[in-house]
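# A structural walkthrough
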Amino acid sequence: MDASQLEAACERMRGFVIPEAASRDRLTGSHVYGFLTCEHSVYLDFFGDKERRRSPGPALARLLARGVAFEDEIVAGLELIEPEFEPGDFVSGAEETRALMLEGVPGIYQAVLFEPPFLGIPDLMRRVEGESRFGDYGYEIGDVKSSYKPRADQALQVAFYSVLLEGLQGVLPQEGYLILRDGSEERFSIAELLPALEELLEEMGDLFSGRQGSFPHRSFACRDCKWRDVCAEGTGLDWLPGLTRAEQSLLRSEGFTELEDLARLEPEVAAEKETLSETLLVRARLHAEASVQGCAVPRRRPRLKDRMGQGCPVLIWSDAFDRRYLVFGLLPPGGEAQVFLAMDPGDEAAVFEQWRSCLPEGQSLCHAGAFMSSLHGILLAQGMPGEGPSLERRSLDLMNLARGGFVFPAPVREVSEVLASLQGNEPVGREEERLLALEDRDADTLRRLATEELADLQQLLLRLDEASV
Ligand code: SF4
């Protein structure tokens, strides 16, 4: 796109309209970011009952607080000026920001970019060379993120702020940047992101206008979502896991709205539905059956039968924020659970070696999925990436096998949830307790939780073994 096309695209986006019926009149960078996780959550932000929102759970609240502390740490090392204004008075904040830009200050912290209905408050704004409405300099936008790798939603948020900045300085910044958890700076082209941002805003506009209905889409994101209580009230197709939005929409268009009808779907009725593939109908029926029964239902026999029965449950738990590997566990066949803790960073190498030396030769390493990325992480941290392939060959992801063999009434992320669902019980996760124990470096709780997880892996291994014959 040339400069005039870029300008026109920015203009079109800034013409976004929020319907009067909405409960808020400002669209922020968080909405752009959140739309990629769940469109319905942004819809509810504008049209839902605010009183029904949940507060973040303790583990998420701690993680958010760590993110804020990290941002403070980064900002403290930079020479930035923060606009002064009364809380909530964004008109004054925007005027103050403009004055600082006119003055040509080298950097601004939490600049206010306000062009109703858009409001953007980026973490960082940096002076760069080049022509703009202010003279022979302009500004570009950056955001501080606590992840180690950049993500598309983070970059799109910076592009959104950049569109607002274009309105203010008369020129779109060429690049934006993210400062990541390891302090590195990831730069990207803003012009290249504009088509994706424009498409997102168009979709959001369609959703807000009511041209297409907004429905929940049950996924892992629902666990920490503030709108979970509202969405969980849905009893029909809306709260059925395992289907994409497009599949749900197709089923709705064929008149399927009640789970009971879908769960009892006869093959001859299914055959009449020419717009729906047989695979989709079978999958939807199984998911509906699992939801109606509140219990996992078999999908197909778990594969890799010959590697099962015998096997060694293993785990490695890390604190992803600090890239620390703290808990290593294994349960050898016929033996007892062994848990090794590296509470001090200086112990990590020795504890990892101790755990590795206890792994029984020739046994499959049975784990819960996330183990492999932790294993690769610690091997990399210890300068032993070459060890990965031999351990990987012994890897047996029990969660993957369980998800392939059964359909669950709700998304399952933990082994304890799989076991509970297989028995028709309400899934009980331990993730919140584990995350808090990792944060607090609570050795006793970590040891207990790791021992329980190894026993659960053992039980799941037996259960999958039974189902495979
Ligand atoms: S609970 Fe799930 S479906 Fe509902 S708004 Fe939140 S993420 Fe979306």
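Please read all numbers here as calculations on a predicted model, not as lab measurements.

Next up on the list: the overall build of the protein. Scanning the protein from N- to C-terminus turns up 19 helices and 15 strands. Referenced to the eigenvectors of the C-alpha coordinate spread, the extents of the protein come out at roughly 75 × 65 × 40 Å. For the protein, the residues scored as buried account for 48% of the 469 residues in total. Excluding contacts between residues fewer than 6 apart, the proportion of contacts in the protein whose partners are at least 24 apart in sequence is 64%. Of the accessible surface of the protein, which amounts to about 22500 Å², a share of 49% is contributed by carbon and sulfur atoms. One way to put it: in the protein the 49 positive side-chain charges average out to a point 6 Å from where the 81 negative ones average out.

Looking now at the side chain of Ser132. Inspection of the secondary structure assignment puts Ser132 in strand E5 (residues 124-132). Here Ser132 falls in the buried class, since its relative accessible area comes to 13%. A distance of 2.6 Å separates a polar side-chain atom of Ser132 from the backbone oxygen of Tyr137. In contact with Ser132, not counting residues within four places along its chain, are Tyr137, Gly138, Gln169 and Val171.

By domain assignment, the protein separates into domain 1 (3-209), domain 2 (234-293) and domain 3 (305-467). The centre of domain 1, based on its C-alpha atoms, is set 39 Å off from the matching centre of domain 2.

Mapped onto the elements, Gln157 comes out in helix H6 (residues 152-169). Assessed through its relative accessible area of 5%, Gln157 is described here as buried. Gln157 has contacts with Gly29, Ser30, Val32, Tyr33, Asp143 and Lys145, leaving out every residue within four places of it along the chain.

The rules we used
Every chain begins its residue count from 1, and numbering advances along the sequence as written. In keeping with the predicted nature of the model, local features appear solely for residues at pLDDT of at least 70, side-chain atom pairs appear and are counted solely at 80 or more, and the whole-chain, interface and lining totals rest on all residues. The side-chain quantities take in all heavy atoms of the structure and omit both hydrogens and water. A helix here means a DSSP run of H or I that spans at least four residues, while a strand means a run of E at least two residues long, and both kinds are numbered starting from the N terminus. For every residue, the accessible area (1.4 Å probe, protein chains only) is compared with the maximum for its type, and the residue is labelled buried under 20%, exposed over 50%, or partly exposed between those bounds. Residue contacts are defined here by distance: any two heavy atoms, one from each residue, within 4.5 Å place the two residues in contact. Computed with a 1.4 Å probe, the accessible areas rest on the Shrake-Rupley method; for each residue, only the protein chains presented here act as cover. Counted as positive: Lys and Arg. Counted as negative: Asp and Glu. His and the chain ends are not counted at all. To locate a charge, the coordinates of NZ of Lys, CZ of Arg, CG of Asp or CD of Glu are taken. Any pair of nitrogen or oxygen atoms within 3.5 Å is treated as a polar contact; in protein, a donor-acceptor pairing is required on top of that, and neighbouring residues in sequence qualify only through side-chain atoms on both sides. For the purposes of this description, domain bounds are those given by an automatic or database domain assignment.

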